[in-house]
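Listed here are the chains, written in short residue letters.
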2 protein chains.
Amino acid sequence: MEMSTRLTAAAERLFDRHGYMATGMDRLIAVAGMSSRTLYKHAGSKAQLMARVLNERDRRFMARLEVQSVDALFAALEDWVRVEGARGCLFLRSRAETGGETPEIAEAVAIHKAAFHRRIEEVVAVNLGREDPELAEQVLVLLEGATHAAVYRGAEAVSAARAAAAILIERAQT
Amino acid sequence: MEMSTRLTAAAERLFDRHGYMATGMDRLIAVAGMSSRTLYKHAGSKAQLMARVLNERDRRFMARLEVQSVDALFAALEDWVRVEGARGCLFLRSRAETGGETPEIAEAVAIHKAAFHRRIEEVVAVNLGREDPELAEQVLVLLEGATHAAVYRGAEAVSAARAAAAILIERAQT
DNA sequence: TGAAAAGTAAAACGAACGTTTTACATTGAT
DNA sequence: ATCAATGTAAAACGTTCGTTTTACTTTTCA
């Protein structure tokens with residue numbers, strides 16, 4: 001397996017499960033299975049590595065949201081939670097952990113959240129046949145809420161959000 | 001001002017704005033305006049201090065949710081965000097930062113989230129005149145979503161959640 | 001008045017942090 | 001065959017971490 005891939009995968013796993021600040025480079029070196037010299041050649045720095053993890057995660061996550069209906073957005077989130085587990089949004093978490101004071105990280109988060117918002121607006125527009133920014137904002141809140149409530153309420157939170165969204169969509173369609 | 005109050009207030013401010021792990025005790029000592037000896041006499045340890053911050057925040061936050069309608073829950077959250085700003089849920093954040101591996105913190109978070117869930121179920125029951133656990137789950141998701149979406153979408157996210165909740169409640173009342 | 005309690009300032013603790021360096025081994029393409 | 005690239009293992013860099021200790025100075029109140 002490619003060195004860079006192994007590194008990014010190990011970093012995502014550790015940062016997500018144990019926290020960015022709480023994960024030391026020694027632990028990362030051990031899990032990635034490479035020397036610190038090689039790690040730093042590929043990573044640059046810890047913050048740059050976190051930024052690459054976020055950009056990679058943005059690709060994977062946004063790919064799942066290439067759907068045509070609002071309901072499919074929630075189905076996609078259900079899949080994501082089943083596969084990846086529910087530990088909250090890694091983007092918001094890593095920005096909060098660093099107080100927004102690490103530019104590479106803050107930038108990666110801003111880019112992802114802007115794309116996330118845009119995508120929801122698009123899906124709502126396709127589903128409804130017209131733009132509806134207010135409904136899109138509600139759907140965004142439900143997705144964000146499902147992601148975070150699932151941490152302590154489990155997958156039930158996602159299906160609750162899905163049902164709520166269905167009601168809002170139905171109401172907007174007539 | 002009481003030493004303990006000053007300490008807890010400074011800790012909450014720093015942990016919330018810059019992150020728990022990212023905040024060093026030296027910085028805390030400087031902002032709280034006391035010697036490290038005094039700090040440790042009152043705090044015990046950094047983790048215990050965070051736990052006390054969370055318990056104190058639970059008191060303040062839950063006091064605001066002593067209301068009789070679902071709409072008032074969102075009004076309370078709007079107030080909270082206006083006063084305290086929107087940096088996500090400190091409970092979920094601090095648990096995530098420590099990977100759930102710091103018992104004092106994990107316990108404080110579990111207690112708060114259980115109380116939060118219970119309170120929403122109560123308010124929904126009062127508002128509706130009957131229990132409705134599924135609607136309560138949706139309201140919880142909307143509150144959690146508003147809290148986290150407000151980080152990057154601003155107060156607009158809270159009013160969107162409020163409007164969505166109004167629709168769900170109206171539908172459940174008939 | 002005087003002993004206990006509670007505070008300060010500052011040095012020190014060992015451990016862990018992110019990162020770099022030194023010295024060497026393996027590989028791959030010309 | 002060899003030069004350049006890429007890897008390892010491990011020590012070392014200086015800094016910062018959370019916490020404790022030492023040596024004094026208030027404050028409190030019976």
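These figures come from a predicted structure and were not determined experimentally.

J.: Could you give an account of the relation of the copies chain A and chain B, with specific residues and numbers?
T.: Put simply, the two copies of the chain differ by a rotation about an axis and a shift along that axis. When chain A is brought onto chain B, the operation consists of a screw motion whose angular component is 180° and whose axial shift is 0.0 Å, with 0.0 Å RMSD remaining. Seen this way, the second copy is the image of the first under a two-fold rotation axis. When C-alpha distances to the rotation axis are compared across chain A, the minimum falls at A:Gly145, with a value of 1.6 Å. The residues that chain A uses at the interface reappear at the interface of chain B in 100% of cases, marking a shared surface.

J.: Explain the interface of chain A and chain B residue by residue, including any values.
T.: Counting residues at the interface gives 39 residues for chain A and 39 residues for chain B. For the chain A face of the interface with chain B, the top three residues by lost area are A:Glu137, A:Val141 and A:Tyr152, together amounting to 19%. The tally of links from chain A across to chain B stands at four salt bridges. For A:Glu137, the salt bridge goes to B:Arg153, with nearest N and O atoms at 3.0 Å. On inspection of chain A and its partner chain B, the count reaches ten residue pairs in polar contact (both at pLDDT 80 or more). With 13 residues, the single largest contributor to the side of chain A that touches chain B is helix 8 (residues 133-153) of chain A. Considered class by class, the residues forming the side of chain A that touches chain B number 19 nonpolar, eight polar and twelve charged.

J.: An account of the protein's contact with DNA strand D is needed here, citing residue identities and associated values.
T.: Neighbouring residues of DNA strand D: 16 residues in total, closest A:Thr38, B:Met25, B:Arg37, B:Tyr40 and B:Lys46. Here the atoms of DNA strand D within 4 Å of the protein split so that 50% fall in sugar or phosphate, with bases taking the remainder. B:Arg37 has a polar side-chain atom sitting 2.9 Å from a base oxygen of DNA strand D. In the model, a phosphate oxygen of DNA strand D is placed 2.8 Å from a nitrogen or oxygen of the B:Tyr40 side chain. For the surface near DNA strand D, the elements supplying multiple residues, two or more each, are helix 3 (36-43) of chain A together with helix 3 (36-43) of chain B. The dominant element in the surface near DNA strand D, judged by the number of residues it contributes, is helix 3 of chain A, at four residues.

J.: Help me get a handle on the UniProt feature "DNA-binding region" (unreviewed entry) in chain A, residues and values and all.
T.: The feature "DNA-binding region" (unreviewed entry), as annotated in UniProt, sits at residues 24-43 of chain A in this numbering. Segment residues 24-43 of chain A splits into 80% helix and 0% strand. End C-alpha atoms: 14 Å apart.

Calculation criteria
- Residues numbered from 1 in each chain as written.
- Chains lettered and ligands numbered in written order.
- Predicted model: local features only at pLDDT ≥ 70, side-chain atom pairs only at ≥ 80, totals over all residues.
- Heavy atoms only, no water.
- Least-squares fit on C-alpha atoms with pLDDT ≥ 70 in both.
- Contact = heavy atoms within 4.5 Å.
- Buried area = accessible area lost by both parts, 1.4 Å probe.
- Salt bridge = Lys/Arg side-chain N within 4 Å of Asp/Glu carboxyl O.
- Polar contact = N/O pair within 3.5 Å; in protein donor to acceptor, adjacent residues only side chain to side chain.
- Helix = DSSP H or I, 4+ residues; strand = E, 2+ residues; numbered from the N terminus.
- Nonpolar A, V, L, I, M, F, W, Y, C, P; charged D, E, K, R; others polar.
- Near = heavy atom within 4 Å.
- UniProt positions renumbered as here; feature names shortened; annotations may be inferred.

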